[in-house]
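Fold and geometry: a report
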Amino acid sequence: MKQGKISCQQDLRVLLWWHHFYLLWSTIGAQTHYSIPEELKQGSVVGNIAKDLGLLVPELHRRKLRITSEAGKQYFNVDLGKGELLVTDRIDREELCGQRLSCLLPLELVIDNPLQVHRVEIEIQDTNDHSPSFHTKEKVVKIAELVNPGARFPLESANDPDVGSNSVRTYIINKNEHFKLTIKTLKDGRKIPELVLEKPLDREMQAVHKLVLTAVDGGDPVRSGTSEITVIVLDNNDNAPQFEKQVYEANVSERATSGTEILQVKATDADEGLNGEIEYVFAEQTPDLILALFDINQSTGTIIVKGVLDHESNSLHRFDITAKDKGNPEMDGHCSVEIKISDINDNNPEIVVTSLTTPVPEDSAIGTVIAIISTRDPDSGDNGKVTLTVSPKSPFKLNPSISKHYSLVTNGPLDRETNGQYSVKLTATDSGKPPLKSEKTIVVELLDVNDNPPLFSQRSYAVYVKENNAPGIILCSVSASDLDSGENAKISYSILDSKVQDVSVSSYVYINSDNGSIYSMHSFDYEKLKVFQIQVQAKDQGSPPLSSNATVHVFILDQNDNAPAVIYPSSAALGSLSHQRMPRSAKAGHLVTKVTAVDADSGHNAWISYRLAEATDVSLFTVNQYTGEVRTKRSVSEQDDSSQRLLIEIKDDGEPVQSATATVSILLEDALHEPILDLRHKVSEPSRKTGRITLYLILSLASVSVLSLVTFLILAVKCIRTSRGSGSCCMRRSDCDDYKNPNRNLQIQLNTDGPIKYVEVLGGDMMSQSQSFRSCMSPMSEYSDFTLIKPSSTTDFKEVISVLDASLPDSTWTFERTLHSRK
Ligand SMILES: *[C@@H]1O[C@H](CO)[C@@H](O)[C@H](O)[C@H]1NC(C)=O
Ligand SMILES: *[C@@H]1O[C@H](CO)[C@@H](O)[C@H](O)[C@H]1NC(C)=O
Ligand SMILES: *[C@@H]1O[C@H](CO)[C@@H](O)[C@H](O)[C@H]1NC(C)=O
Ligand SMILES: *[C@@H]1O[C@H](CO)[C@@H](O)[C@H](O)[C@H]1NC(C)=O
């Protein structure tokens, strides 16, 4: 531009100059023309101006030749000595004339004397003194890699100040694969180089292309200039990330904890920048399960455990991973991942009781199926191989059936009474290393079977009851127990029927069937019943029921509930009189009468003693304490009152003492006539043993009368029948005075008009009274003092008497008839 401006000013100047020149020319004359190349050295001679103007050299000085210039710089000077036009300054054509093809420098030479103006024209010729040059030495051209061939990219044109052929003639580019150069010529003739893409670019193959553009001028010698062109291929996201492997495989233990790294996938992307920046993600439509279990590091591609792995629920996980770049549009690549979860023995075997029969009857046969059991272990291989065992001491065993199933059967006898229920411990063990085990206890209840009878606490019971008990008291309680349970152990008590004195035992006692208490149903009388037995049965309510028996012995204890009863002298009412006669001639010791009393009780309660309580004359009579015999103490004198009265008290030895009284009236008579019947004999027969009393004598007494005999027989029969416990059948023998003296009295007391109620044989000692009970109970006992008569209708009464006589050798027999009717 600077040059352009200069040239413009120069044009203007040239025009002005031409105008003046024309005026001058018209007045002055001719014009001189020189031509010189530009860039001459200073002092170079352009031409001999003096000669060309037709002037003489000395004249020059004198006429003051000088060069005038309207404007601008003076490039020339005149050597006045030689008359030569010299170059005084560097002349640059490009500076003076720019791109004009002809470049003329006009000069005016003025001389005086006369004033003359000569015009000189100097043409400046161009020389190739400039090389083409580019404004920018290094140019960067950015081309997208996907641009199609044929695309043009204008380049900067070079500049050459020279003109004409010395200016830029053409451009060339270094040889390369992708580009060529075309030159476009504008209307003004300027040439513009253009880069044309010949072959597609691939940034991934070559990202940068270096080219050299050369501009060449047409001078001689040729001059050129270069510019370096850098073609940068702009990346296009034309490469998808590529995984190194299609399928990645890994094993991971199911015990791997969250955060454990499993494997790393790796993809590469040939693109650059964001187009090559890879991000790893799970493929779309990855199941949530996988997302819950695994995680992937987006930047590294490392897959890590996130959730809880479980071989049992899933032993293999397959999923896809996508690698994405960040270009636009983004591209992605895919791979598959297979993760095997290796098994760990992490599951305890499980015992499942499929069915259980309980309770089981205790009499179940061996081999009865109690339960069906199966085992489970979700682990695989040996870790899931389960063996099931049962505790060895239980009466059960396991029979394996179809796979992993077992039946639990009985293996021995069961007894509910020793073991009401069994806890059967089952142990399942797998074959892992280490093995895992689990246990389960099943409770097998036993069902009772009525296999135990009730058992009484005692086999027999003894009960002692006082007589005269209140009816309804509890005699005793029996109890039985039963090892069974429920109804099988529910006991009811009963009394087995039997007879007591011809009466069913159930009329004596009854039993509370629930608790075994035995009650009396009425008051017992020892005098009637001394002992009896009850069979008690305890029965359970099983089906069939079982029972057992026990015996209860009831002993009735005597009580002193009977007062002595006076048999003789009898009295219709208490204290009634009975008159005894005795001769006044009686000596001391004469037996007046004998008071007889009995006591229905036994033992001490029946031990009777007599005492004289009152007497008209105490000095005359005495009463034997034991026998009740009333005898005279002394001889009766004339002064003694003929009527004597005695009150005799009779007591037993019971507690409390019971007593009775008897009043005896005695008439002293001067002449005593024969008693009605005196059977007193001297019995001389010594051969019989003194210890034996033969009650056959009784029969002799029966001879009183035939009527009496009959009555007696009836009595005897009755005696035999009621012999047990009937005191009235006891035959008592006693000595008269002296225990050592075997002097015996047989007394038979008869009703005057009725059957014999009481026969007493006195003999033996007093102590034998205590045995009288037993004698009564067992009349046939060998040492008995008493014998019963078995009367028969054929018996001759006299014979009986004789037998009696013979059997009682030295006794005095007294037969007395009384009116006694009381017991
Ligand atoms: C995984 O384990 C199996 C069996 O244990 C083995 O065959 C396989 O080679 C393992 N794979 C890898 C990737 O370790
Ligand atoms: C991914 O891995 C890198 C390198 O180990 C780590 O710096 C980065 O925190 C990880 N990213 C995640 C989300 O865990
Ligand atoms: C049996 O039951 C009766 C009536 O309930 C009762 O009086 C008696 O005492 C009981 N006996 C026992 C041994 O419990
Ligand atoms: C109990 O006594 C009854 C009657 O005497 C008899 O039938 C039964 O067999 C006895 N029971 C036992 C267990 O002895």
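All residue numbers refer to positions counted from 1 along the written sequence of the respective chain. Whichever chain is written first becomes A and whichever ligand is written first becomes 1, with later ones labelled in order. In view of the model being predicted, local features appear only for residues whose pLDDT reaches at least 70, and side-chain atom pairs are presented and counted only at 80 or more, with totals across whole chains, interfaces and linings using the full set of residues. Excluding hydrogens and water, the side-chain values take into account all heavy atoms of the structure.

Labelled according to an unreviewed UniProt entry, the protein appears under the name Protocadherin 1 gamma 22, originating from Fundulus heteroclitus. In UniProt, the protein has this text filed under Function (unreviewed entry): "Potential calcium-dependent cell-adhesion protein. May be involved in the establishment and maintenance of specific neuronal connections in the brain." A UniProt comment under Subcellular location (unreviewed entry) is attached to the protein, and it reads "Cell membrane". UniProt positions are given in the numbering used here, feature names are shortened, and annotations may be inferred rather than shown by experiment.

Focus on the overall build of the protein
The helix and strand labels rest on DSSP assignments: H or I over at least four residues marks a helix, E over at least two residues marks a strand, and numbering proceeds from the N terminus. Within the protein one finds nine helices and 53 strands. Here's how the labels work: a residue is buried when its accessible area is under 20% of the maximum for its type, exposed when over 50%, partly exposed in between, all with a 1.4 Å probe on protein chains only. When burial is assessed residue by residue, the protein has 43% of its 823 residues classed as buried. The contact rule is simple, with two residues in contact once any of their heavy atoms fall within 4.5 Å. For the protein, the proportion of contacts with a sequence separation of at least 24, taken over those separated by at least 6, is 69%. When the accessible surface of the protein is split by element, carbon and sulfur atoms take 52% of a total near 43,400 Å². Here the accessible surface of atoms and residues is derived via Shrake-Rupley with a 1.4 Å probe, and residues count as covered only by protein chains that are part of the display.

Side note on the pattern of salt bridges
Only one rule defines a salt bridge in this text: a Lys or Arg side-chain nitrogen within 4 Å of an Asp or Glu carboxyl oxygen. If you walk through the whole model with that rule in mind, you get 27 salt bridges. With a closest N to O distance of 3.6 Å, Arg-63 and Glu-59 form a salt bridge. One salt bridge in this structure joins Glu-629 and Arg-631, with 3.2 Å as the shortest N-O distance. Overall, the relative accessible area of 2% leaves Glu-629 in the buried class. Salt bridges sharing common partners tie together Arg-203, Glu-204, Asp-235 and Glu-272.

A few points about the sheet that holds strand β14 (residues 224-234)
Ordered by their spatial adjacency, four strands build an open sheet running β8-β14-β13-β10, and the pairing between neighbours is mixed. Single-partner strands in this sheet number two, and they are β8 (138-144) and β10 (168-173). Between one strand axis and the next, the sheet turns by 25° as a mean value, whatever way the strands run. For two strands to be treated as a pair, DSSP must find at least two bridges joining them. Two elements, β10 and strand β13 (residues 208-217), share five bridges in a ladder whose sense is antiparallel. The residue of β13 that forms the bridge with Val-168 is Asp-217. For helices, the axis comes from a line fit to the C-alpha atoms of the stretch in contact; other axes are also lines fit to C-alpha atoms, and the angle between any two N-to-C directions lies between 0 and 180 degrees.

Quick word on the side chain of Glu-362
Along the chain, the position of Glu-362 falls in the loop between β25 (360-361) and β26 (369-376). Charge assignment: positive for Lys and Arg, negative for Asp and Glu; neither His nor the chain ends contribute. Here Glu-362 is buried and forms no salt bridge, its nearest opposite-charge partner Arg-416 lying at an N-O distance of 4.3 Å. What qualifies as a polar contact is a pair of N or O atoms within 3.5 Å, subject to a donor-acceptor requirement within protein and to the restriction that residues adjacent in sequence count only when both atoms come from side chains. Polar contacts involving the side chain of Glu-362 include one to the main-chain amide nitrogen of Val-449, which spans 2.8 Å.

Details of the nonpolar core
With 28 residues, the main nonpolar core has Phe-456, Val-478, Val-509, Ile-518, Phe-532, Ile-534 and Val-552 as its most contacted residues. Mapped onto this core, the elements with two or more residues apiece are β33 (460-466), β34 (474-477), β36 (491-496), β39 (509-511), β41 (531-540) and β42 (547-557). With residues up to four places along the chain from it excluded, the contact list for Val-478 reads Phe-456, Tyr-461, Tyr-493, Ile-511, Asn-515, Gly-516, Ile-518, Val-536 and Val-552. We define a nonpolar core as any set of buried Ala, Val, Leu, Ile, Met, Phe, Trp, Tyr and Cys residues linked to one another through side-chain atoms lying within 4.5 Å.

Brief notes about the site of ligand 4
Around ligand 4, the surrounding shell consists of Leu-496, Ser-547, Ser-548 and Asn-549. In this structure, an oxygen atom belonging to ligand 4 sits 2.2 Å away from a side-chain N or O atom of Asn-549. Protein coverage of the free-state accessible area of ligand 4, which is 360 Å², stands at 34%. Residue contributions to the shell around ligand 4 peak at three residues, all from β42. Of the residues in the shell around ligand 4, the class split is one nonpolar, three polar and no charged. The criterion for a residue being near a molecule or strand is simple. One of its heavy atoms has to lie within 4 Å of it. Ten residue types, Ala, Val, Leu, Ile, Met, Phe, Trp, Tyr, Cys and Pro, are classed as nonpolar, four, Asp, Glu, Lys and Arg, as charged, and the remainder, Gly among them, as polar.

Here's the deal with the pairing of strand β40 (residues 517-520)
Neither face of β40 is open: one carries Ser-517 and Tyr-519, the other Ile-518 and Ser-520, and all of them are buried. Examined bridge by bridge, β34 and β40 share three bridges and lie antiparallel to one another. Paired with Ile-474 across the bridge in β40 is Tyr-519. When β39 meets β40, the two strands line up antiparallel, connected through three bridges. Looking at β40, one finds that Ile-511 is bridged to Ile-518. Counted between consecutive antiparallel strands, the loop separating β39 from β40 contains five residues, among which Gly-516 sits at a positive phi close to 80°.

What about the side chain of Asp-217?
As for its position among the elements, Asp-217 is in strand β13. This buried residue, Asp-217, is left without a salt bridge; Arg-223 holds the nearest opposite charge, at 5.2 Å. Here Asn-128 takes part through its side chain, which lies 3.5 Å from a polar atom of the side chain of Asp-217. A distance of 2.7 Å separates a polar atom in the side chain of Asp-217 from the backbone nitrogen of Arg-223. Setting aside chain neighbours within four positions, we find Asp-217 in contact with Asn-128, His-130, Ser-131, Pro-132, Asp-160, Ser-165, Asn-166, Ser-167, Val-168, Arg-169, Val-222 and Arg-223.

Section: the state of the cysteines
Note on disulfides: each one is a pair of cysteine sulfur atoms within 2.5 Å. Counting across every chain of the model gives one disulfide. The disulfide partner of Cys-97 is Cys-103, and the gap between their sulfur atoms is 1.5 Å. Judged by the sign of its S-S torsion, about 70°, the cystine formed by Cys-97 and Cys-103 is right-handed. You'll find Cys-97 and Cys-103 in the same group, each marked buried.

Points about the sheet that holds strand β17 (residues 261-264)
The strands making up a sheet associate through backbone hydrogen bonding, with each pair oriented either parallel or antiparallel. What the three strands build is an open sheet, ordered β17-β21-β20; its pairing is antiparallel. Either end of the sheet is taken by a strand with one partner, and the two such strands are β17 and β20 (294-296). The mean inter-strand angle of the sheet, taken between neighbouring strand axes irrespective of direction, is 25°. With three bridges connecting them, β20 and strand β21 (residues 302-305) associate as antiparallel partners. Paired with Ile-296 across the two strands is Ile-303, which belongs to β21.

Examining the pairing of strand β5 (residues 84-87)
Here strand β2 (residues 45-48) runs beside β5; their pairing, made up of three bridges, is antiparallel. Along β5, the bridge assignment pairs Val-45 with Leu-86. Bridge count between strand β4 (residues 76-79) and β5: four bridges; the pairing is antiparallel. Across the sheet, Asn-77 pairs through a bridge with Leu-86, a residue of β5. Linking β4 to β5, which pair antiparallel, is a turn of four residues; within it Gly-83 sits at a positive phi near 80°.

Concerning the packing of aromatic side chains
Here the aromatic set is Phe, Tyr and Trp, taking the six-membered ring for Trp, and pairing holds for ring centres within 6.5 Å; pairs whose planes are under 30 degrees apart are stacked, those over 60 apart are edge-to-face, and all others are tilted. Throughout the structure, instances matching the rule amount to 13 aromatic pairs. Taken together, a centroid distance of 6.4 Å and an interplanar angle of 75° make the contact between Phe-243 and Tyr-248 edge-to-face. Judged on exposure class, the residue Phe-243 and its partner Tyr-248 are both buried. Ring centres of Phe-456 and Tyr-493 lie 6.3 Å apart, and the angle between their planes is 50°; on these two criteria the pair is classed as tilted. Here Tyr-493 lies in strand β36 and Phe-456 lies in strand β32 (residues 455-456), a separation of 37 residues in the sequence. For the residue pair Phe-456 and Tyr-493, the accessibility class agrees, reading buried in each case.

Regarding unusual backbone geometry
Glycine aside, a negative phi is what most residues show, and trans is what most peptide bonds show. The omega torsion of the bond from Lys-433 to Pro-434 falls at -5°, within 30 degrees of zero and hence cis. The omega torsion of the bond from Ser-543 to Pro-544 falls at 0°, within 30 degrees of zero and hence cis. Among the structural elements, Pro-544 can be located in the loop between β41 and β42. In this model, Gln-501 sits at a positive phi of 50°, which is unusual for a non-glycine residue.

Some remarks on the environment of Val-196
With respect to the helices and strands, the residue Val-196 is situated in strand β12 (residues 191-197). Once you skip the residues sitting within four places of it in the chain, Val-196 turns out to touch Gly-150, Ala-151, Arg-152, His-178, Phe-179, Lys-180 and Thr-182.

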